[in-house]
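The primary structure of each chain is shown beneath.
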Amino acid sequence: MKSPYNIWKNIGFVLEQSFRLSPSKVILGFVYQAVSQFKGYILTVLLVGLIVDSVESNADISQVIFLLCICMALVVIIQIFEIYYTRYFSPISDEKFQCKLNQLLDRKAAQIGAEAYEDSQFFDKMSLSLTQALPRIESVLQNTYTLVGRLLSGMAIGATIAVL
């Protein structure tokens, strides 16, 4: 069984190399996930808390409507960012990332001596590496984005509970 240190070291390596290839892809991936999780936090925790608090304190309805409008405006802004990210930025960024990764792998493959390619086992492993590199890197990135986003969301909910 692999030690957790090696797993975290490998994740760090993938993040570092991905950041070198496309800093905007990595940064906006984390921002997108955090913002998406924040939208859920706004809708579930803040909005429900606002309504319950307003009912308990017999707040003025105009004040409640104003706060609801602010929450809805935040949700709309987040939704616009999500649409931009998924429909425009991500496809273009993914294509550029794939091209840069292929260039990097081609340079690495060119550094290997010709005699290595004559070994069928090496050639099979090399071919598998080239076809599996992008999907595996994307998987690590997506899982890391999700983990960080959910940790941030959990901390926000925990902070809200602590305050209440």
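Not measured: the values here are computed from a predicted model. (Residues numbered from 1 in each chain as written. Predicted model: local features only at pLDDT ≥ 70, side-chain atom pairs only at ≥ 80, totals over all residues. Heavy atoms only, no water.)

K.L.:
Report on the overall build of the chain, specifying residues and quantitative values.
P.N.:
Per the secondary structure count, the chain includes five helices and zero strands. A globule of 164 residues ought to have a C-alpha radius of gyration of about 15 Å, yet the chain, at 23 Å, is considerably larger. Across the 164 residues that make up the chain, the buried fraction comes to 24%. Within the chain, contacts between residues at least 6 apart in sequence are counted, and of these 82% link residues at least 24 apart. (Helix = DSSP H or I, 4+ residues; strand = E, 2+ residues; numbered from the N terminus. Rg over C-alpha atoms; globule rule 2.2 N^0.38 Å. Buried < 20%, exposed > 50% of the residue type's maximum accessible area, 1.4 Å probe, protein only. Contact = heavy atoms within 4.5 Å.)

K.L.:
Which residues make up the layout of surface pockets, and what values do they have?
P.N.:
Reported here for the largest pocket is a volume of approximately 470 Å³. Taken together, 18 residues make up the lining of the largest pocket; nearest its centre are F13, V14, A133, R136 and I137. Looking at the lining of the largest pocket, the elements that each hand over two or more residues are helix 1 (4–21), helix 3 (61–110) and helix 5 (120–163). Per-element tally for the lining of the largest pocket: the top contributor is helix 5, with eight residues. (1 Å grid on protein atoms, 1.4 Å probe; cavity = no way out; pocket = protein on both sides within 12 Å on 5 of 7 lines; lining within 4 Å. Points joined across faces, edges and corners; volume = space filled by probe spheres on them.)

K.L.:
Which residues make up the side chain of Q33, and what values do they have?
P.N.:
The residue Q33 is located in helix 2 (residues 23–57) in this model. Setting aside chain neighbours within four positions, we find Q33 in contact with Y145, T146 and G149.

K.L.:
Lay out helix 5 in plain terms, naming residues and giving numbers.
P.N.:
Taking 1.5 Å as the rise per residue, helix 5 with 44 residues should run 64 Å; its terminal C-alpha atoms sit 63 Å apart, in good agreement. Most pronounced at Q132, the bend in helix 5 amounts to some 45°, and the proline P135 follows within four residues. (Expected span 1.5 Å × (residues − 1). Bend = angle between axes of the 7 residues up to and from the residue.)

K.L.:
Describe a nonpolar patch on the surface, and please don't skip the residues or the numbers.
P.N.:
Residues F38, F66, L67, I70 and L74 make up a contiguous nonpolar surface patch of roughly 420 Å² in combined accessible area. If you tally residues by element for the nonpolar patch, the top one is helix 3, at four residues. Note on placement: F38 falls in helix 2. (Patch = residues over 30% accessible without salt bridge, like charges linked within 9 Å, V, L, I, M, F, W, Y side chains within 5 Å. Areas by Shrake-Rupley, 256 points an atom, 1.4 Å probe, with all protein chains shown as cover. Salt bridge = Lys/Arg side-chain N within 4 Å of Asp/Glu carboxyl O.)

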